[in-house]
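# Breakdown of the fold
Here are the chains, one letter per residue:
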Amino acid sequence: MATGTEPQPAGTGVHGAGRAAIRARHLRTDRWWLSPALTAAGLLAFVVYSSWRAFANADYYAAPYVSPFYSPCLAENCVPMKGGPNWEIFGSWWGLSPALLILVFPLGFRLTCYYYRKAYYRGFWASPPACAVAEPHRTYTGETRFPLILQNAHRYFFYAALPVAAILTYDTVLAFRDETYAWGHMGLGTVVLLVNAVLIWAYTLSCHSCRHIVGGRLRHFSRHPVRYRLWSWAGRLNARHMQLAWASLFSVGLADLYVYLVATGVFDDPRFF
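Residues numbered from 1 in each chain as written. Predicted model: local features only at pLDDT ≥ 70, side-chain atom pairs only at ≥ 80, totals over all residues. Heavy atoms only, no water.

The name an unreviewed UniProt entry assigns to the protein is Integral membrane protein, from the organism Streptomyces zhihengii.

## Observations concerning the nonpolar core
Filter applied, for reference: Note on terminology: a nonpolar core comprises buried Ala, Val, Leu, Ile, Met, Phe, Trp, Tyr and Cys residues joined through side-chain atoms within 4.5 Å. We call a residue buried when its accessible area falls under 20% of the maximum for its residue type, exposed when it is over 50%, and partly exposed in between, using a 1.4 Å probe and counting protein chains only. A run of DSSP states H or I qualifies as a helix once it reaches four residues; a run of E qualifies as a strand once it reaches two. Both are numbered from the N-terminal end. Contacts were defined at the residue level, with two residues in contact if any of their heavy atoms lie within 4.5 Å.
The biggest cluster of nonpolar side chains holds 19 residues, and the ones touching the most others in it are Tyr60, Phe69 and Leu103. For this core, the secondary-structure elements that each account for two or more residues are α1 (34-56), β3 (73-75) and α2 (99-102). Residues in contact with Leu103, not counting those within four places in the same chain, are Ala54 and Phe69. In terms of nonpolar packing, the next biggest core, distinct from the first, is built from 18 residues, Cys113, Leu148, Ala161 and Cys210 among them.

## What to know about the packing of aromatic side chains
Any pair of aromatic rings gets described here by the distance separating the centres and the angle formed by the planes. Applied cut-off: Centre distance within 6.5 Å is the pairing criterion for rings of Phe, Tyr and Trp, where only the six-membered ring of Trp is used; planes under 30 degrees apart are then read as stacked, over 60 as edge-to-face, and the remainder as tilted. Placement of a charge over a ring requires the Lys NZ or Arg CZ to be within 6 Å of the ring centre, with the centre-to-atom vector within 35 degrees of the ring normal.
One pass over the structure, following the stated rule, counts 22 aromatic pairs. Taking the centre distance of 5.8 Å and the plane angle of 55° together, the rings of Phe90 and Trp93 count as tilted. A cation sits over an aromatic face here: Arg177 above Trp183, 5.7 Å from the ring centre.

## Some remarks on the environment of Asp171
Mapping Asp171 onto the fold places it in helix α5 (residues 154-174). The sequence separation of Asp171 and Pro64 amounts to 107 residues, and the corresponding C-alpha distance is 8.6 Å. Contacts of Asp171, omitting those with residues within four sequence positions, involve Val66, Ser71, Pro85 and Leu193.

Below is the structure:
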């Protein structure tokens, strides 16, 4: 009697000789494709929006707010921001958008992030598209060859992400000014930048590399109470790494959009005090 697992011609990958010979590509009956499709759509939408804003080189500063895509501003062609992160490290020879100088660091951090790897591996590369669903590739080499071997640089991008989060916090402090740079004021933009800074910090510190750095390779937690406490905090954040990844991605895009709308005069920034 046929069982559906009769021997089949030798193949490679999931259809190799050492695998169960199941004729169907998968036995799932649910809408397994919906999650990777939504993931791909969400990430693609952010890539399109962030690319447009990064190359626009305009409408990224509306005193006292600066877009997180352009902070810190590392070129001479930046809009002057009083008290803001104007660091003219790159001279006048840089003629492109200054956002391209800084976005490489948060972008590299997110591209190599353990959660985002899962997200775009499934959403874009179908490697695999879902649990218990065979991937369409004939072979799989993991992260041992170019370009995927670059994923191993994640811990170094984590070090670069820390000062970026600190600078966004500094921008939030400066947002407690009004358009004339007088202190003691708060607008809706202040709240937007504040929420974004908190989510960026939470996502950064929930990183697997952060958890390993503060508490990895410890044989006796009792002998390192401070590192154990930090490891515990990072572990609690790490349990929400996926949610924080999406929330911070949305918040950084929203913060840039808010500054853009204020800078282009679509509406005036509502003030609370």
